[in-house]
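# A look at the structure
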Amino acid sequence: MKKINILIIVLGLCIASSCSKFLDKEMLGAQTSEAFFQTENDAVASVTASYSDLKDTRFHRSLWSIGDVLSDNCTQSGSDGDVNTFKRMESFDYHADFGRLADNWRVSYRGINKACQAIEGITAMDPALFKKYDKNQLIGEAQFLRAYFHFVLLRNFGAIPVIRSTPKIDDKGNTREPVEDVYAFIEQDLKEATQKLKKKSELGSSNSGRATLGSAWALLSKVYLYEKKYTEARDAAKKIIDMGETEYKLQDNFSYNFDLEHENGIESLFEIDFYKSPTETSNYLTNGNYSCYAQMPRPFAGYGGNQALPSFVSKFDPADKRLKATFLTVADMQSIETPVSLGTLEYNRTGYYNRKQYLLPKDRVGTTYFTIPLNIPIIRLAEVYLIYAEACAKTNDNVNARLYLNKVRLRAGLPENLTDSGDALYEKILQERRFELAMESDRFYDLIRTGKAAQAFTDSQFRANPTKANAVWKPGKSELLPIPQTEIDNSNGNIVQNPI
Amino acid sequence: MKNYIVNYSSIKRIISLLLALVLSFHLAAQVGKVNLKVDNTPLKTVLSEIEKQSEYTFVYSPNSINSNQILSFSAANEPAENVVKRLCGQLTLNYSINGKQITLSIEEQDNKQPQQNKFTVKGVVRDKTGEPVIAAYVLLSGSNVRTTTDLKGEFVIDAKRGDILEIRAMSYKTAKIIVASSSVSIQLEDDAFNLDELLVVGYGTVKKSDVTGSVASIKSEDLTKQAVLSADQALQGRFPGVQVTSNSGSPGGAVSVNIRGIGTINDSQPLYVVDGMPVNSISYLNTNDIASLEVLKDASASAIYGSRGANGVILISTRKGKTGESKISFNGYSGIQNILDNSKYVNNVQWYDLQTKLNAMRSTPIDLNKANKNTNTDWLNEISRVAAIHNYYVEVSGGKEDITFSASGGYFSQDGIIKGTSMDRMTLRLNGESKVRKYLTIGTNLSYSQSSRTTIDENGESWGVLSTAVRLEPTVPVKNADGSFGASPFVDINNPVATIYYSDAKTKAQNIVGNAYLKADITKNLFIRTSFGVDMLTNDVYNFIPVYTVSPTQKNVESKISRGYEKTINWLWESTINYNKIFGIKHSLQALAGYTMESTRMENLYGSKNGVPSDLPSLKYIDAAQNAGSAAVTGTAWESAMISYLGRINYSYDNRYLATVSVRSDGSSKFSTANRYAIFPSFSLAWKINNEMFFKNLKLDFVDDLKVRAGWGQIGNQNIGNYKFLSVLTNYAQYRYIFGTPETLYQGITAVNMANDKIKWETSESLNIGLDMTLFNGLNVTADYFIKDTKDMLLTEPIPMFLGFENGPVTNVGSVRNSGFEFAATWRGAISENFTYSAGFNFASIKNRVTSLGRGGSLSGAAVFNKGNATNTMVGYPIGMFWGYETAGLIQNQEQLTAARIKQPSAQLGDVIFVDPSNKKMIGSPIPDFTYGINLSCAYKGLEFSAFFDGVYGNEIFNATRAYTYNTSSTFKNDIAILNYWSSTNTNTNIPRLTPTDSNDNMRISDRYIEDGSYFRLKNLQISYNLPAAIVSKLNIPGFRIFVSAQNVFTLTKYTGMYPEIGQALSTSYLSRGVDYGNYPQSRIVTGGISINF
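Overview of the structure. (Residues numbered from 1 in each chain as written. Chains lettered and ligands numbered in written order. Predicted model: local features only at pLDDT ≥ 70, side-chain atom pairs only at ≥ 80, totals over all residues. Heavy atoms only, no water.)

## Digging into the sheet that holds strand S10 (residues 164-168) of chain B
All names here are of chain B. Read from one edge of the open sheet, 4 strands run S8-S7-S10-S11, paired in antiparallel fashion. Of all strands in the sheet, those bounded by a partner on one side alone are strand S8 (146-148) and strand S11 (175-178). Across the sheet, the mean angle from the axis of one strand to that of its neighbour is 20°, orientation sign disregarded. Bridging between S10 and S11 involves 4 bridges; their strand directions are antiparallel. Bridging from a neighbouring strand, Ile-164 pairs with Ile-178 of S11. (Pairing = 2+ DSSP bridges. Helix = DSSP H or I, 4+ residues; strand = E, 2+ residues; numbered from the N terminus. Axes fitted to C-alpha atoms, helices over the stretch in contact; angles between N-to-C directions.)

Listed below in structure tokens is the structure:
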């Protein structure tokens, strides 16, 4: 008996020792990098992930929180708590703990990372694997996204770490690179993208929403404008104009750019796509447009967050057709909203809500704050025209400058500008940008880019707005936002803060 | 192997540092003094009087001794032994003392040996169960002559008639016997401190007195004294160095247990081993089922658990049956609980007054007419209640011949002090053992538990019930006149009563833990044991959200039903060979070798769908929901496995020197093939000083035991989640995007975490020096000093956000040092036979420092309401220290204002001065300077009283609720302290001016949120009464006890939040400890119960 016992144990141990495979546990329910980029679908999924950061609430919410709210167009509204969150920022007493800064920084870099993964993964794939999609088009899209995210960061923070390939842990100590190098990398990515991307018409409607050749040229022209490379900006914008009106054309009705029916329309060069996704319940992780919700008036399931300043609205020509499509007043709501749902407007601080991010009652049925499908336009043809006009004005082509300025003005129902030239024309074009692109998260950057911030923020009409009364613009400091404090805290001194 | 080599030099260093060794001795059993004066009294009366006054009983043969003989005798406060000696001398009787028994006999008249002549005495020493006591010392009093008992407990010694033999053995009371014949038999009594109590130390047991590591145990009575769901809660304050904190006062809420500090930012919870089965949690176990609970604190004690023991091990044995008459016992208690809440907020009048003043300053005043000025809702009161708690337990145990068993059933139920929370649990246990052959024993331990927990969103940062109850203004009615729920007209804060009302979330858990084992004796010294066990946990999650509208933001437009199932199965097969042998009389050896295999698999499935047509319970199933497009399903699975080889040798020399060496090699599926295995050694030594001759010669009679011990060991940790060495791709729903017209959804896939295929075992290396003493036959003292270094800490390496990954790679980069001192003392004494008492004190001080985070960077944690992070973890500081701006009072005058405005441009008089507004600093630590516990008890006849106090000192709490309660920029309900705000006429205050805009950002994260977290409380108070034997015997019930118990009777603290026991709000993160987001507070519990043995 005893011998048998020993035998059992010895056998047991032998069996056990032969189980070295026992410790090989495969990943369950998820793919690993080793087995990825094997099919065309992997390539598409990889690029899709990079797009998804555009509609991360934290990303697009930071766009208007900076581009509109900090400008002379708008102010933060909503509840007292919401307003107070922006108090110091609107006074240009920047604080690096401001949550929207970290949101913008974090999510932009996530998008960049995912784009890098896609670019590297797809580049290494055999072209023969691609049947339905074009390998180069996919790489080009990822390069466009990588450039776009870098540009968003550059406008906010100036010199930033540039991510040229999928980050490795050794990149942890990287530092901020000079603005010129950041621009150079953005240009390079976009130029390469223009070699790879197809035209919108080539891709067809089944691919609407993807970055196209037009998207890349449009963004490149805007980047050149920021760099004051006017010749290059003009030429890039011209590429789009030259595509002809079958490819891009101004919408006859300005408001079509901002409604549900005309998404990715003929004027659109790039926009952030949202959809009604009832299966997600977090406002951070939703695929719906939380920014729209945050800006809609309060009784309609909104927070009324981003309101236009009366000092800005009053600058509009009353004949401007864009007025109604840009702002939403209580009077407008009386005709749009049924009296029952109108209720009392709470925290209506200026009287002007963002009409460009507003969902009509018929589209709101069954909608909660995370399921709004309305898109956010990023670049429209009207902006390309204005970029072209500005670049022409700066390169002494007053004729073309006026021509394209007037295309925008005519659609707005305004008289043509037939007389201005040179600096006066340039000023008119900038003014037109302010009206045309109002509530589209661009104004703050325009003021800084053109050196007009100090003037705008000392304007007495502007200062008369209660939330702007304490605004003290500090030239040389206020142009750049502070790098998020946690990034400074955690960088071991490698990331140096902007002067605040 | 690298670990082993590296540390060999430190081992040598440590060995040379240490003289370790141990203990165990016991002075004569405590003997009562005898007072006696009798004249012409029968012997039997004298003897019975002595019996009454001492603890001895007399045994004699009535045939040889005439108990009726008349005598006169007196003794004045004289030790019983002396009295007996004189009495026997007077009557020429022989006597021998055997434990508590004195045997009288007629002096042998035919003994021809002159008394002065030595003769050989043969004796045998046994314990009370009749087992031989091996290696007991037999000393001839007044001489250096001594010997030791052999394997049969036998000894031979030369002595004279009338000599006194002293028998000492560890864990037994010392016995004395007067030599009367050449053959003696001695039965030893257990030591008062029960040093022979067998401690389970992992794959075996060791006598308490032979322990060489740092091990603490608790009596099962102390566990069951408290009304708690789970034994870990009852450990609070009981052991030095074991910090137990409730993360929530909710029934079934998580408890964090940290043994000797937070050793790692990873899972720092100890390993729980129940009857040899490692389990994830012990909440399935009824505290009444626990026969013994030991905490292995240092590496030398827990090293045998290798990879699993880095954070300490809690070993639990459930109750087993004993051979003999079967026993039935019942115990139960019922009680009530009420909320403990220190916080004080403004009432409606004060709120209205503050808002009126604020309105005067607002650019857009709020319409205060909307407020119900005369409503004064106390929200915390509205959501809390006096709640019931019950526990009932029945056990049947017994055994016959070769079979023993123990079976129990228990039911526990607790309603939460916050409405909408409750928990109940049913437990069943069956343990049995059978000796099927002379050399073969088989047994099983089997537990089944089923629990149901109802929860609310208690800690949610924005919408949590507690947090909203803290913030919502008092003028909001719970319900409006029309019966609908009230809502704030000013601010988006949910009505917490409505939140509870519409909340419908349950988790049902079923847990089966069991093992079957076989033990076979191969030879007298060698046995093998093999055991197969399973731990299976099934969670059934249910959540229903009805359609409701309380306010524009507190509403749900479409009902939603969610169901989920999660199953985790862990199985373990372990086999060990044990070899025990005593060589000669001085060398004792126990050797163990073993092999274990373990595998865990988890799989879950969650589904949800919207559009349930009504709130009928019968329709709260997914198929009843009608919105097909809303159906969502997720499911994940993981597997992990481990293989370990282990070995341990316990060696004892001459009962003076003890050594334990253990080595364990672990392989884990959590690492890549190259880094899978690691070896973890440990060594410990103990020196029982009082067994040394030189010590005996010092005649320090008050020292009963004196043992010093030292240990060093390494243990691995692999609690890092699975597959961390792989670059895993993620397809979150959030990574979808839409392309095309018509819109088509595309799923995105990407790697969100950085991978590191080079990760290897995290190692915890600890050094422990300790001392155990028993003095004055009643004072037990244990002191330990330790240094515990966690090296190669598996850390999700902090990475800058610009790398674009959601998480950095798990890397072996960090190190943390915990060092500390632990002390525990217990005094047990008796004023008379009927009145006994004891007092215990324990104290621990632990210093926690992060010594490395690798390639730089720090870890932020505990995000606070839009204000950034409240904690940071940096090299040179404790884990999760509070991190914010330092303040320097308020701006009191124009001069200060001018100075402050350089860095705070929007500052006004009465605003906060920030010392350095661009740099955060360490502003506090959640780790106490020391923790302590005090245990007092006394018993008079059947009446017992015990009180247990615990406390922490020197820690801080980050009161994150102040982000609202100190914030005047909205309509929040403010802390009462805000009424003392700064104004030109009230400058002697630390509360800034009233401001509706806070343009100076006074509310930024700063030391203004920091509060002293020290507390001292009466944790448990119990009074019980055992019915006297006379009564219970009439009732034919061997034991009947009634008791009244109270928990958290009072708490002394300066903390102004609800309750100072703040764990981790986000229970998984050690980076958010001590941050009070409005945590579910603790309760005061008063219970009464009975305990009956049939």
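There is more to say, and it comes next.
## Describing unusual backbone geometry
Residue and element names in this part refer to chain B. Cis geometry is found at the peptide bond from Thr-741 to Pro-742, where omega equals 0°. Phi at Tyr-723 is positive, roughly 60°, even though this residue is not glycine. Topologically, Tyr-723 is positioned in the loop between strand S36 (703-717) and strand S37 (729-730). Using a relative accessible area of 6% as the deciding quantity, one classes Tyr-723 as buried. (Buried < 20%, exposed > 50% of the residue type's maximum accessible area, 1.4 Å probe, protein only.)

## Quick word on the packing of aromatic side chains
Where two aromatic rings form a pair, the distance of their centres and the angle of their planes describe that pair. Enumeration over the complete set of coordinates arrives at 61 aromatic pairs over all chains. Taken together, the aromatic side chains of Phe-821, Phe-843, Phe-930, Tyr-932, Phe-949, Tyr-953, Phe-1016 and Phe-1050 of chain B make up a single cluster linked through ring pairs. Sitting over the ring of Phe-22 of chain A, Lys-25 of chain A keeps its end group 5.1 Å from the ring centre. Stacked on the ring of Tyr-501 of chain B, the Lys or Arg Lys-479 of chain B has its end atom at 5.8 Å from the ring centre. (Phe/Tyr/Trp six-rings, centres within 6.5 Å; stacked < 30°, edge-to-face > 60°. Lys NZ or Arg CZ within 6 Å of the ring centre and 35° of its normal.)

## A closer look at the environment of Tyr-51 of chain A
When you line up the elements, Tyr-51 of chain A lands in helix H2 (residues 40-52). Along the primary structure Tyr-51 of chain A and Leu-323 of chain A are separated by 272 residues, whereas in three dimensions their C-alpha atoms are 32 Å apart. Excluding anything up to four places from it in sequence, Tyr-51 of chain A contacts Glu-141, Leu-145, Gly-209, Arg-210, Ala-211 and Phe-270 of chain A together with Tyr-737 and Phe-739 of chain B. (Contact = heavy atoms within 4.5 Å.)

## Comments concerning the state of the cysteines
Scanning the entire structure with this criterion turns up 0 disulfides over all chains. Here Cys-292 of chain A stays free of any disulfide, with the sulfur of Cys-74 of chain A as its closest cysteine sulfur at 15 Å. (Disulfide = S-S within 2.5 Å.)

## Regarding the environment of Asn-286 of chain B
Residue and element names in this part refer to chain B. Structurally, Asn-286 is set in the loop between strand S19 (277-279) and strand S20 (290-296). A relative accessible area of 1% places Asn-286 in the buried class. Put simply, Asn-286 and Leu-428 are 142 residues apart on the chain and 8.9 Å apart in space, counted from C-alpha to C-alpha. Here Asn-286 is in contact with Asn-391, Tyr-393, Gly-410, Arg-425 and Thr-427, once residues within four sequence places are set aside. At 2.9 Å, the side chain of Asn-286 forms a polar contact with the backbone nitrogen of Asn-288. (Polar contact = N/O pair within 3.5 Å; in protein donor to acceptor, adjacent residues only side chain to side chain.)

## Focus on the sheet that holds strand S47 (residues 881-884) of chain B
All names here are of chain B. Spatially, the 4 strands line up as an open sheet ordered S45-S46-S47-S50, and their pairing is antiparallel. In this open sheet, the two strands that pair with only one neighbour each are strand S45 (859-863) and strand S50 (921-924). For this sheet, the mean angle separating the axes of adjacent strands, direction not counted, is 45°. Inspection of the sheet shows S45 paired to strand S46 (residues 869-873) by 4 bridges, in the antiparallel sense. Note on S46: the bridge partner recorded for Gly-861 is Thr-871.

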